[in-house]
Amino acid sequence: MSTPLSSRRDFLRISSGLGLSILLPALDLRAATERGPARPKSLITLWMAGGPSQLETWDPHPGTKIGGPTKAIKTNVEGLSIADHFPRMAERMDSVCVIRSLVSKEGDHERATYMLKTGFRPAPALIHPSLSAIVAQKYDEDGCKDLAIPRIISFSPNQWPARGGFLGDQYDAFKIFDPKENLHNLAARVQGTRQSQRVENLSVVEKSFARKRAQAKATLHEETVKSALTMMTSDQLKAFKIDEEPKAVRDAYGDSQFGQGCLAARRLVEVGVRAVEVTLDGFDTHADNFTGHALRGEKVDPAFAALIHDLKERDLWDSTVVLCIGEFGRSPAINPFSGRDHWPSGFSAVVGGAGFKQGLVLGKTDPEGVAKMPEDPIEVQDLYATVLKNLGVDFARERMTPIGRPMQFSAGTPIDRLLA
Amino acid sequence: MTRLRKSPSTFTLLLPILAVAGFAAVVFAAARSPVGVSGREVGAEISNLKPTVLVVDRTLAKEWKDVGATPASAATDLQVFRRLSLALFGMIPSLEEIRSFEADTRPDRLDHWTRRMLADPRFNDYFAERLARMVVGTEGGQFIIYRRDRFVEWLSNQLKDGVPWDHTVRSMLTQQGLSTDRPAVNFVAAAINEGDIDENKLAGRTARAFLGQRMDCAQCHDHPFAVWKQEQFEGLASFFGQTKQTITGVEDMPVQNGVQQEYKVQDRKTLKDRVVEPRVPFHPEWMPQEGSRREKLAAWITHPENRRFERAIANRVWGFVFGKPYLEPVDDLEDPKDGETDMLDVLGTEFREKGYDLRRLVQTIVSSKAFRTSSEPPAGADEKATHLSECHWAVFPLIRLRPEQVIGSMLQSSSVQTVDYNSNLLFRLIRITRRSDFVKEYGDFGDDELQLHGGTIPQRLLMMNGQLAAEVFEAGFFNPTSRLSVMNSSDEKCVENAYLVCLTRRPTAEESTHFSGRLKDLKGGERRKAVEDMMWSLVNSTEFSWNH
């Protein structure tokens, strides 16, 4: 067991101190209504859980030994073809960048999810914050106060939603399992004086527990109760009400949990939420890979395309990074169950929005599936350094962690070619 | 990685059970002796366990001295009693149990009550579920072929019968037959996908659950820190290569339809199949010459010289009772170093030498100073010193309760009497609610049950405003709210009972004054509302949701 040099509580104290020193509350309200590049940046992550196949998404190789039955379609970017499960995205590819040569060393779901959510390989003694947590931490560091709803929201998460890691549990994502109906328990059971007496009573109980246990503060229990109480009465909750959108808009995103999650993500970003993660599970297609991907394509394609359309139309595109990625890709070889296995070398991602070039393709995988490494390999950490840079995060600055070891938010180098 | 289907609301599911429970409570209360469940005790004799606990305490003392941690004073018996109930039953003690415990004046009553709780069917059921999560996870798998419920029931019986752990593990690894008829076979059956045995999944689970080491990553590449190589993982998987799913269940078939069965993997470079022979990653001499592939593997895993085997379970059980393992991550321990021994070796050696007795292992850990120390840091300790002490078990760490513990505790606090019953009602309930909105919304930890997370806003919303909490605390016919408000004569007594029911302690003078003031002069419905409000505040406190 490691001996921490400084406790998490020290760290929290220091970081909240930093936040206070540059507190500029007057700017906050304007911030949410600001449009264009001046608006504070948000991140939307479309998380393809289980490891999506590059060959059935953004990097098809039809007609080859490894291609399987998947067909390719042309897109509105000259020379770029994608899998035919994405007809609507084919008309939006001129807005985003495709990376076809991501490489990682993690082939186990949990470890790879860690790597692809944080940009770091799992390490003993220290848990790195996810990209989403880093963006939310920037919100606090900038002294923002405008949000009464959580800064990080994760729709339909699997068992590994975005986590705060060494930034603390208060940067864990707020999980909503079903964007259509799962936001409840927001109304107090009793009203008026009774509710306020309950809250008063609670502070009496809390006080006697914490009196002899200074460490109780680190559980963040009281803070979480306070946030929950604030949220219960906030106007911003309206952002969750996707049924207020015209039917045509809701239909455009598709009638799936994932689609409605993407619509909610757009509404949340609009009110100033800094990070939204929308998860689609089921990409771990060791068996029946092709059907599995066709079904998932039906959900991702309309949602992703509508999201890009809406963000552009509302002038939020230049202040939002959209990242569509999973923990790894899938093997070029097709196994006896018509499945593909884990493949962490040469997999694909799509990224676009704030600060990114549009209509760009990087990297190339071997159409014969023989060469393990792709051409122009791109490290996850470099992609994430680029994302963080475009989100306005000073990722290279070292921050003190609870184990007393200074760490950067990313050890990568931004990829110039991706920058607008 | 599939998520659970939407199920009817928790309360709809709970309602009939609660009604039955209410009725049963009345019947049992009438029929039962005032001492409570039963005075039966199992596990090691107290005098016999003492030397073992002494060695553990000495190891702790040395650790504290080495790192410069000042231990907290001893926790009160009632605090330890609450922890024991949470650790062994997954719920807080009832008022009835508290009264009966307090009436016991023996100086070693905690030792006796530990033995008594180990004899309670709730222990077997609760630990069986936690062991099941460790070995097969939470997934449902293929129905008929895989019966998780039978598996948990079997584990519960193994615990009840005191079957040695090495024996239980060998059964899981080697059992043949049908999932219903031979429940141990479900370990293998859980890894059947479309009629085929997933050897990789089994190899990964075997290493994680029984050796505390994660070899799965070696499935695709060499392990980043440890010595595991891809070929070693394949060698391990090959032990399951002759195991088949047939009409008569899981069978070992070295020859099937006249063909010698081999474990083959596709070579990533040549894309051709190659045969992989079964091979263990270290100490092949522990493997017997005779037996099926799985029998050989089982003998190797449970070989008395295999330190990883005993260390892994010692660390798990430590994690089960504290909510946090001794070493992390629980399924990716560093290799034990030659010539060095730590707490896990101390516990592991004792465990092996005393016949791989899980109950004794539990008993040892909960009798140690680590489990019985206070969560209040020594006076004058600053944050840094407290954190250090928490890390080294010199101060009892604050650990968030598991969703089942919260739901179990809520149900318990809704009844003055013990929610147990011969039929293990609570655990049928947990099995239902595991799929229910409550646990889902509260956030089931799934297989990662020993990872530490802070509480979340949705959890607080659920506890403050949710349906289940409301139904439990808004006065119903059998919950304590009505009892407390009606039955107790003085305001002070009513407050005290509410504290005992929810927090297993008495209120401080300040708390007593505050809440008595809230109840003063109130009658009937108004009084009941004030009691409800008090209960609400107690269950929404840090103290209720965190073990301490």
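Please read all numbers here as calculations on a predicted model, not as lab measurements. (Residues numbered from 1 in each chain as written. Chains lettered and ligands numbered in written order. Predicted model: local features only at pLDDT ≥ 70, side-chain atom pairs only at ≥ 80, totals over all residues.)

## Thoughts on the overall build of chain B
Our working definition: Strands here are runs of E lasting at least two residues and helices are runs of H or I lasting at least four, both read from the DSSP assignment and numbered beginning at the N terminus. It is the C-beta atoms, placed from the backbone, that decide contacts: two residues are in contact if theirs lie within 7 Å.
Of regular secondary structure, chain B possesses 27 helices and 10 strands. At a minimum sequence separation of 6, the contacts of chain B that also span at least 24 residues come to 71%.

## Some thoughts on the pairing of strand E3 (residues 243–246) of chain B
Residue and element names in this part refer to chain B. What counts here: Pairing between strands requires that DSSP locate at least two bridges from one strand to the other.
As judged from the 4 bridges shared by E3 and strand E4 (residues 249–252), these two strands associate in the antiparallel manner. Paired with Thr243 across the strands is Asp252, a residue of E4. Between E3 and E4, which follow one another and run antiparallel, lie 2 residues.

## Side note on the nonpolar core
The cut-off we apply is this: A set of buried residues drawn from Ala, Val, Leu, Ile, Met, Phe, Trp, Tyr and Cys, joined through C-beta atoms within 7 Å, is what defines a nonpolar core. Between the buried cut of 20 or more and the exposed cut of 12 or fewer other C-beta atoms within 10 Å of a residue's own C-beta lies the partly exposed class, and all C-beta atoms are placed from the backbone. Segmentation into domains, and thus their bounds, comes from an automatic or database assignment.
Grouped together as the largest cluster of nonpolar side chains are 234 residues, with contacts concentrated most on Val351 and Leu388 of chain A together with Val321, Ala498 and Leu538 of chain B. Take this core: its biggest share by element is 9 residues, from helix H13 (residues 307–322) of chain B. Per-domain counts for this core show at least three residues from each of domain 1 (135–301) and domain 2 (474–547) of chain B. Look past the residues within four positions of Leu538 of chain B in its chain and what remains in contact with it is Val205 of chain A together with Ala498, Tyr499, Cys502, Leu503 and Phe544 of chain B.

## Notes on helix H4 (residues 109–118) of chain A
Quick reminder: α-helices carry 3.6 residues per turn. Residues three or four places apart thus point the same way. Residues and elements named next belong to chain A. Taken across its 10 residues, H4 has 10 buried, putting it largely inside the fold. Taken together, the buried positions of H4 are occupied by His109, Glu110, Arg111, Ala112, Thr113, Tyr114, Met115, Leu116, Lys117 and Thr118. The inward-facing, buried residues of H4 contact helix H5 (131–141), strand E8 (320–326) and helix H11 (380–390). Positive phi appears at Gly119, one or two residues downstream of H4, with a value of about 85°.

## What to know about helix H5 (residues 109–118) of chain B
Residue and element names in this part refer to chain B. Most of H5 is tucked away: 7 of the 10 residues are buried. Listing the buried residues of H5 in full gives Leu110, Asp111, Trp113, Thr114, Arg116, Met117 and Leu118. Tucked into the core, H5 has its buried residues touching helix H2 (46–67), helix H3 (77–89), helix H4 (95–103), helix H6 (121–136) and helix H15 (358–367).

## Some remarks on unusual backbone geometry
Backbone phi values are negative for most residues with the exception of glycine, while trans is the configuration of most peptide bonds. With an omega dihedral of -10°, the bond running from Glu328 of chain B to Pro329 of chain B counts as a cis peptide bond. Of note in this structure, Asp288 of chain A is not a glycine but carries a positive phi near 55°. When you line up the elements, Asp288 of chain A lands in the loop between strand E7 (275–280) and helix H10 (289–313). Despite not being glycine, Asp521 of chain B shows a phi value in the positive range, around 65°. Positionally, Asp521 of chain B belongs in the loop between helix H25 (509–519) and helix H26 (524–539). Judged by the 7 C-beta atoms lying within 10 Å of it, Asp521 of chain B falls in the exposed class.

## Considering the confidence of the model for chain B
Residue and element names in this part refer to chain B. Going by this rule: In predicted models, pLDDT denotes the confidence assigned by the predictor to each residue on a 0 to 100 scale.
Residues with a pLDDT of 70 or more make up 79% of chain B, whose mean pLDDT is 83. Predicted confidence is poor over residues 1–37, with pLDDT under 50, and the contacts of this stretch with residues over four places away or in other chains come to 49 contacts. Segment residues 446–452 is flagged for pLDDT under 50; beyond a separation of four residues in sequence, or across chains, it makes 14 contacts in the model. Both confidence scores are given for the complex: pTM 0.77, ipTM 0.85.

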